[in-house]
Each structure stands twice: as C-alpha cells, then as structure tokens.
Amino acid sequence: DAQGASAASLKEAGKDIGAEVPGPGKIKASVVHEDPIVIHYEDFVSAAESEHILQLCEGRWQRSTVSVGKASELLSAGYKDQGQEAVGETRTSDSVHLTFDESIVVERI
C-alpha cells in the first residue's frame, strides 16, 4: 500500500521512522499462574508508542477475516480449502497489518 511503500522509501533514504518515539520505561512482569506459566507484563508499550502505531494505522483499517470451513475440516489433513479466509457475517472487528520495516517502533515491539 502507499503508506507502507512511503515508509520503506524513507527507511531506504536513511530516515528511521519512529526513531524519535520513546519506548517504555521499565517493563514490569509478574507471574499470574505457574502451570501453565502465565506472565502479566505492565508498561510493555509506552503511550507515545501506542499513539505512533495508531497514526500508522490511520486510513488503513480493514474488516477482519475468518477461516472458511468448520474447525474439524480445517484441522484435517485433506481439507482442500485450508487457509482460505473470508469476511464473516458475525465478526465485526477491524485490523491493520503492519510490517517490521514500516517503523522502528513496530520492529521494536
């Protein structure tokens, strides 16, 4: 897309997009459960990083897709449409696919 292409062009020109965006201070971790191990991280992403990511996503949101078929069919080895995705009738979320080379912040996170 145009924004991803322009980010790649800027990076090639020696400009690291997001380099000025500060990361989090100290990331805190606490064990929530031992078996299986579940760890809760606090301050993993700074407010500035969150804002930067949202700016990268501006105008790029697309309706999320779902896998086609029943779970039992998708998990079977011989299912011919495995990996096919489509917009679901009941799924209402939106998403943006960011690539590592768009911004130092995306790469860092």
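What counts as what
Counting of residues starts from 1 at the beginning of each chain's written sequence and follows it residue by residue. Two thresholds apply to this predicted model, a pLDDT of at least 70 for residue-level local features and 80 or more for giving and counting side-chain atom pairs, whereas whole-chain, interface and lining totals are computed over all residues. Only hydrogens and water are set aside; all other atoms, that is, all heavy atoms of the structure, feed into the side-chain values. Secondary structure counts use DSSP, requiring at least four H or I residues in a row for a helix and at least two E residues in a row for a strand, with both numbered from the N terminus. Buried means the residue's accessible area, taken with a 1.4 Å probe over protein chains only, is under 20% of the maximum for its type, while exposed means over 50%, and partly exposed covers the values in between. Contact between two residues is taken to exist if any of their heavy atoms lie within 4.5 Å; hydrogens are not considered. Working definition: a ring pair exists when centres of Phe, Tyr or Trp rings (six-membered ring for Trp) sit within 6.5 Å. Plane angles under 30 degrees give stacked, over 60 give edge-to-face, the rest tilted. In these notes, a set of buried Ala, Val, Leu, Ile, Met, Phe, Trp, Tyr and Cys residues joined through side-chain atoms within 4.5 Å is what counts as a nonpolar core. Being paired, for any two strands, means DSSP has found at least two bridges between them. Each C-beta atom gives one direction from the helix axis, and the arc is the one those directions make.

(A) How the structure looks around the overall build of the protein. Helix and strand counts for the protein stand at 4 helices and 6 strands. Ordered by position from N to C terminus, the α and β elements of the protein give α-β-β-α-β-β-α-β-β-α. The burial tally for the protein puts 18% of its 109 residues in the buried class. Within the protein, contacts between residues separated by at least 24 positions form 59% of all contacts whose residues are at least 6 apart in sequence.

(B) Looking closely at the packing of aromatic side chains. Per the stated rule, a full pass over the model turns up 1 aromatic pair. Seen in terms of ring centroids, Tyr 41 and Phe 44 are 6.4 Å apart; in terms of plane orientation they differ by 50°. Their pairing is tilted. Residue classification places Tyr 41 among the partly exposed positions, given a relative accessible area of 48%. Of the residues examined, Phe 44 reaches a relative accessible area of 42% and is grouped as partly exposed.

(C) Quick look at the nonpolar core. In this structure, Val 21, Ile 53, Leu 56, Cys 57, Val 105 and Val 106 together form the largest nonpolar core, which totals 6 residues. Those elements giving two or more residues to this core turn out to be helix H2 (47-57) and helix H4 (104-108). With 3 residues, the top contributor of residues to this core is H2. Setting aside residues no more than four positions away along its own chain, Cys 57 makes contact with Val 96 and Leu 98.

(D) Layout of the pairing of strand S2 (residues 38-42). In the sheet, strand S1 (residues 28-33) pairs with S2 via 5 bridges, with the strands oriented antiparallel. Paired with His 33 across the two strands is Val 38, which belongs to S2. Between the antiparallel neighbours S1 and S2 lie 4 residues.

(E) Fine view of the side chain of His 52. Positionally, His 52 belongs in helix H2. For His 52, a relative accessible area of 9% corresponds to the buried category.

(F) Fine view of H2. Of the positions making up H2, those classed as buried are Glu 49, His 52, Ile 53, Leu 56 and Cys 57. Looking straight down H2, one finds that the buried residues subtend no more than 140° of arc, so they occupy a single side. Of the residues flanking the end of H2, it is Gly 59, one or two places downstream, whose phi is positive at about 80°.

(G) Focus on the side chain of Glu 49. Position of Glu 49 relative to the elements: it lies in helix H2. With a relative accessible area of 2%, Glu 49 lands in the buried category. With near-sequence residues (within four places) excluded, Glu 49 lies in contact with Val 21, Pro 22, Gly 23, Pro 24, Phe 44, Val 105, Arg 108 and Ile 109.

(H) How the structure looks around the environment of His 97. Along the chain, the position of His 97 falls in the loop between strand S6 (94-95) and H4. Along the sequence, His 97 and Cys 57 sit 40 residues apart, while their C-alpha atoms lie 8.5 Å from each other. Ignoring anything within four residues of it in the chain, the contact list for His 97 reads Arg 60 and Glu 102.

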